[in-house]
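Structural overview for review
As a plain string of letters, each chain reads:
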Amino acid sequence: MLAAFDFGISNTDVAIFSENSVKYFTVPSSKEKITTNLIEKILFDLELPITKVEVLGVTGGKSSDLEDSLGGIEIIKINEIEAIGLGAKKLYGLEDESALIVSAGTGTACVHAQGESFNHLGGIAVGGGMLEGLGSLLFNTSNGGEINEFGEKGSRLELDLLIGDVVNKIGNLSPELTAVNFGRAAFSSTDTMENTAAALCNMIGEVIGTIAYLNALLIASEKACFIGRTSCLSEIRNGIDQRLGLAGVQGQYQQNREYANVIGALEGIKKYKLCSFFICSLYTNL
């Protein structure tokens, strides 16, 4: 059995590979330091027998500070950018083509994948963490799913100013595009929680979509492969797609993309085991 961990800011994901199948688990991230004791505790709480684990793979957080083994089980540390790349390659079936991967989680990171090469193009501090933080201040809830549900029942048009509201025409831009996020709030005394949530989700989506299409243009890609939980929220995804459409970039949203990083860590373990096998075979045949 192979076990992989992705220690995120909000969630810790676990992937277990056994008998040619993968199972995924998620627990809230602990505020305590990442240690081998924490790994043991998570496995125990999930009722996963550590005695059956052959190799452990870890990524995210400060997991690189971990010891190199746990009770005789080797711990393989996977760089987070490599985990993002390997996970997206597995999910989207990427081969040698140039591709943009957008990791939309607590924050947002853009990675250029080409073959086995993964390059960090940059990132922004806007993502699910911003949604949860502002949600806590505005709605007394930091649950991203709940905030998204509020947004689905509201209308951002009550708070956002559109291009058609402020000017007659700007080039070929649609008058339905946002000109100023929350622009109406400056002269609107009150509004509903639902409308505010809709405008907030849309704003975060537009920012992510903008950074995504700029990086897509940078590497001459016509699509952006999204991973991370924030891209699973419908109101944020709508904002992303609206911005991608400005540059003719298509957003790709594969199932299980919220587990992409831990999938990448699992793929990293497999590569390591395969490499070890060939090295052992080489020495055996000498």
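In this report, we go over the structure that sits alongside the text. What you see as residue numbers is a count from 1 along each chain, following the sequence as written. Local features are withheld for residues below a pLDDT of 70 in this predicted model, meaning they are given only at 70 or higher, and side-chain atom pairs are given and counted only at 80 or more; totals for whole chains, interfaces and linings count all residues. The side-chain figures draw on all heavy atoms in the structure; neither hydrogens nor water molecules are used.

Here's the deal with the sheet that holds strand 13 (residues 250-253)
Reading across the sheet, the five strands line up as 9-8-7-12-13 and stay open at both edges, with mixed pairing between neighbours. Of all the strands in the sheet, just strand 9 (117-124) and strand 13 have a single pairing partner and so form its edges. Direction aside, the axes of adjacent strands within the sheet are offset by 30 degrees on average. Note that strand 8 (residues 108-114) and strand 9 share seven bridges and pair antiparallel. Each bridged residue has a counterpart across the sheet, and for Cys-110 the counterpart in strand 9 is Gly-122. It only takes one pair of heavy atoms within 4.5 Å for two residues to be counted as in contact. In this description, a line fitted to the C-alpha atoms serves as the axis of each element, helices being fitted only across the stretch in contact, and the angle between N-to-C directions of two axes falls anywhere from 0 to 180 degrees. Numbered from the N terminus, helices here are DSSP runs of H or I no shorter than four residues, and strands are runs of E no shorter than two. Most of the contacts of helix 6 (residues 193-218) go to strand 7 (residues 98-104), to which it runs at about 160 degrees, and overall it touches strand 7, strand 8, strand 9 and strand 12 (223-227). Two strands are counted as paired when DSSP detects at least two bridges linking them.

Concerning the pattern of salt bridges
Any carboxyl oxygen of Asp or Glu that lies within 4 Å of a side-chain nitrogen of Lys or Arg is treated as forming a salt bridge with it. For the structure on display, the rule yields eleven salt bridges. For the salt bridge of Lys-271 with Glu-116, the shortest nitrogen-to-oxygen distance reads 3.5 Å. With Lys-271 in helix 8 (residues 260-285) and Glu-116 in the loop between strand 8 and strand 9, the pair connects residues that are 155 residues apart, well separated along the chain. Note that Asp-165 and Arg-184 form a salt bridge whose closest N and O atoms lie 3.0 Å from each other. Of this pair, Asp-165 sits in helix 5 (residues 163-166) while Arg-184 sits in the loop between strand 11 (178-180) and helix 6, and the two are 19 residues apart along the sequence.

Thoughts on helix 2 (residues 80-92)
Relative to the 18 Å expected for 13 residues at 1.5 Å per residue, helix 2 spans 18 Å between its end C-alpha atoms, a close match to the ideal helical length. In terms of burial, helix 2 is largely enclosed, as ten of its 13 residues are buried. Exposed residues in this analysis have more than 50% of their type's maximum accessible area, buried residues have under 20%, and partly exposed residues fall in between, with area computed by a 1.4 Å probe over protein chains only. Among the residues of helix 2, Ile-81, Ala-83, Ile-84, Gly-85, Leu-86, Gly-87, Ala-88, Lys-89, Leu-91 and Tyr-92 are the ones counted as buried. Here a polar contact means two N or O atoms within 3.5 Å. Within protein one must be a hydrogen donor candidate and the other an acceptor candidate, and residues neighboring in sequence count only if both atoms are side-chain atoms. Backbone nitrogen of Ile-81 and a side-chain oxygen of the N-cap are separated by 2.9 Å at the start of helix 2; the cap is Asn-79. Any helix carries an expected span of 1.5 Å times its number of residues minus one.

Some remarks on unusual backbone geometry
Not every positive phi belongs to a glycine, and Glu-19 is a case in point at roughly 55 degrees. In this structure Glu-19 comes out as exposed when scored by relative accessible area, which is 76%. We note that Asn-256 has phi near 70 degrees; this positive angle belongs to a residue other than glycine. Along the chain, Asn-256 turns up in the loop between strand 13 and helix 8. Looking at Asn-256, the relative accessible area reads 28%, which means it is partly exposed.

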